[in-house]
Amino acid sequence: MARSRAAYEYTEAEDKSMRLGFLLIAAGLLSLLGLGCCWLRPALQERGGGGSANCTVLAVRQLGERFACTFSCGAACRGTARYPCLQVLVRTSRSPAPALLHEDERQLRTNPKCSYIPPCARDDQENSENVTYKQKYWKEKVGSQPFTCYFNQHLRPDDVMLKRTHDETVLLHCFLWPVVTLLVGVLIVVLTICAKSLAIRAEAIKKKKHL
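The rules behind the values
Residues numbered from 1 in each chain as written. Predicted model: local features only at pLDDT ≥ 70, side-chain atom pairs only at ≥ 80, totals over all residues. Heavy atoms only, no water. 1 Å grid on protein atoms, 1.4 Å probe; cavity = no way out; pocket = protein on both sides within 12 Å on 5 of 7 lines; lining within 4 Å. Points joined across faces, edges and corners; volume = space filled by probe spheres on them. Nonpolar A, V, L, I, M, F, W, Y, C, P; charged D, E, K, R; others polar. Disulfide = S-S within 2.5 Å. Helix = DSSP H or I, 4+ residues; strand = E, 2+ residues; numbered from the N terminus. Buried < 20%, exposed > 50% of the residue type's maximum accessible area, 1.4 Å probe, protein only.

Visitor: Which parts of the structure should I look at to understand empty space enclosed by the protein?
Guide: Remark: the empty space left among the atoms is shown by a probe the size of a water molecule rolled over them. For the structure on display, the rule yields two cavities of 30 Å³ or more. Considered as a void within the structure, the second largest cavity measures approximately 30 Å³ in volume. Its residues assigned to classes, the lining of the second largest cavity comprises four nonpolar, two polar and one charged.

Pasting the structure below:
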C-alpha cells in the first residue's frame, strides 16, 4: 500500500519541474496584464482617434526662439544647452490648411512648437548644426515629394506626425514574449503530468505481469 501511494507522489525533480511551469505561467499572465494596461490601452486610443494621410512639405524654417535641453556628461554630471526651433509645415490630403510636422508623439508632447529636437550636446553650436542639417534634409532631399504622415485627434488635431509611437512591431514584440513564456510554462506542466501518468501506467502493467 505504501509503494502504491509512493508511485502517485511526484519525485523531487518532477516537483521542481511543476513549480517552474507554474512560475512561467504566472510570469506570462502578469506580463500580459501589465503590458495590456501600459501599452495596449494607449495604442488603442491612438489608433481610435487617428489615422494616416499623404503629406507634402510647404515650408521649412527656423524660428528665432531657442529652447533648452539637458545633456549628460557623466554619471553625476548634467547640464543645460539650447537649440533653435525648426518648423516643417506640410499640407495633408485630409485638409488644405497647413499643419506642423512632428517626429512622433513623444516629440510632440515634449515641444509642440517645433518639428525636431536634436540630440542634446553641450555645445550650442553643435545643436544648431544638427538642426540646420535636418532643415537641409527636408528642403533638398524630401522637397515636394509626398510621404505618409499620421494624425491624432486626441492630441493636437492640427498637427501631424512622421511616425507612430505604438507601431505594430513594438506591440508584437511586447506581447509575443509573455505569450511564449506562458505557453512554455503550460507545456512544462503538461509534459510533467503526462510523464508521471505514463510512469504510473508502466508500473501498473509491470505489477500485473508479476501476478
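Continuing now.
Visitor: Honestly, the state of the cysteines in this entry has me stumped. Any pointers?
Guide: Each disulfide consists of a covalent bond between the sulfur atoms of two cysteine residues. Counted under the stated rule, the structure contains three disulfides. Paired through a disulfide, Cys55 and Cys149 show a sulfur-sulfur distance of 1.8 Å. Between Cys55 and Cys149, the disulfide has an S-S torsion of 65° and is therefore right-handed. Remark: Cys149 occurs in strand E4 (residues 147–152) and Cys55 occurs in strand E1 (residues 50–74); sequence separation between them is 94 residues. The pair formed by Cys55 and Cys149 is uniform in burial state, with each residue classed as buried. Between Cys85 and Cys114 runs a disulfide, and the two sulfur atoms are separated by 2.0 Å. Handedness here is read from the sign of the S-S torsion; for Cys85 and Cys114, about -125°, the answer is left-handed. With a gap of 29 residues between them, Cys85 in strand E2 (residues 77–92) and Cys114 in the loop between helix H3 (105–110) and helix H4 (124–142) connect regions that are remote in the sequence.

Interpretation note: all reported values are geometric properties and have no functional meaning in isolation.
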